[in-house]
Amino acid sequence: MKKAAAAAAIRHVPDGCVVGVGSGSTSNFFIAELGAIQHRIRGAVASSEATARRLKNLGIAVLDLNSVEELPVYVDGADEVTRQLAMIKGGGGALTREKIVAAVARRFVCIADQFKLVDVLGKFPLPVEVVPMARAYVSRELVRLGGSPEMRKDFTTDNGNVILDVHKLSIRAPAELEGALNQIVGVVTNGLFARRAADVLLLGTERGVQTFER
């Protein structure tokens, strides 16, 4: 199902463009599909060091986002996604760079399997990237918001920060919570993608790929 969704995403990649590429298991299927059409694209912007390595191994040029004037499309997976195309991302720890690339892209295509579709976000722990010296303070603030934060063990982000995975949240107003979390001093960003939700969801199911659009 992930592979089918990834293959369907190729039709959203314009010829001659630079494409934004996400991180994680579903995105890895997309990278493989991208390798087959690399002659049609100028290159890619990677949302993580791991993605950059995979792209380079296929011979795809990896460009610095600061050198790219236009990013027509960004393709990435999700840990949870609603029919309104709000998402939780960051299970792999690349949420900050993913959010930056998504902000630049004109079109965000989410690829996922049917098990990632939910009515209410929050069963999957919400990742929050935190400057290390603020970890304890941010944890206390997250508890005040009703969450149960747990530091991700033996993990440092590509940006040199730590991840707090927040359990016990039922997120019925994701855009509002996304903003509130980002106001906590020491938070780099959080894994809610609601203010910049996906534009298209390609959902791999047992009956084929379903398309949801905003």
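None of these values were measured; they are calculated from a predicted model.

Draft legend 1. Region of interest: the sheet that holds strand β7 (residues 126–130). Pairing is antiparallel across the open sheet formed by four strands, whose spatial order is β8-β9-β7-β10. The open sheet has two free edges, formed respectively by β8 (148–151) and β10 (187–190), since each of these has just one partner strand. Direction aside, neighbouring strands of the sheet carry axes that sit 30° apart on average. By the bridge criterion, five bridges tie β7 to strand β9 (residues 162–167) in an arrangement that is antiparallel.

Draft legend 2. Inspection of the packing of helix α1 (residues 2–9) against helix α2 (residues 25–36) at higher detail. Here α1 crosses α2 at 50°, and the two axes come no closer than 8 Å. In terms of orientation, α1 and α2 fall into the oblique class. Read as a crossing pair, α1 and α2 show a hand that is right-handed. Here α1 contributes Lys2, Lys3, Ala6, Ala7 and Ala9 to the contact with α2, which in turn contributes Ser25, Thr26, Phe29, Phe30 and Glu33. When the residues that make up the contact of α1 with α2 are grouped by side-chain class, the tally is five nonpolar, two polar and three charged.

Draft legend 3. Unusual backbone geometry, seen in detail. Phi is positive for Asp154, close to 55°, though the residue is something other than glycine. Structurally, Asp154 is set in the loop between β8 and β9. A positive phi angle, near 65°, is found at Lys168, a position not held by glycine. The topology assignment puts Lys168 in the loop between β9 and α6 (174–182).

Draft legend 4. Fine view of the environment of Val101. Tracing the sequence through the fold places Val101 in helix α4 (residues 95–104). When its relative accessible area of 3% is taken as the criterion, Val101 is described as buried. Put simply, Val101 and Val143 are 42 residues apart on the chain and 29 Å apart in space, counted from C-alpha to C-alpha. Not counting the four nearest positions on each side in its chain, Val101 is found in contact with Gly20, Val45, Ser47, Leu65, Leu71 and Tyr74.

Cut-offs used in this document
- Residues numbered from 1 in each chain as written.
- Predicted model: local features only at pLDDT ≥ 70, side-chain atom pairs only at ≥ 80, totals over all residues.
- Heavy atoms only, no water.
- Pairing = 2+ DSSP bridges.
- Helix = DSSP H or I, 4+ residues; strand = E, 2+ residues; numbered from the N terminus.
- Axes fitted to C-alpha atoms, helices over the stretch in contact; angles between N-to-C directions.
- Parallel < 35°, antiparallel > 145°, perpendicular 65-115°, else oblique.
- Left-handed = near helix turned anticlockwise from the far one by under 90°.
- Contact = heavy atoms within 4.5 Å.
- Nonpolar A, V, L, I, M, F, W, Y, C, P; charged D, E, K, R; others polar.
- Buried < 20%, exposed > 50% of the residue type's maximum accessible area, 1.4 Å probe, protein only.

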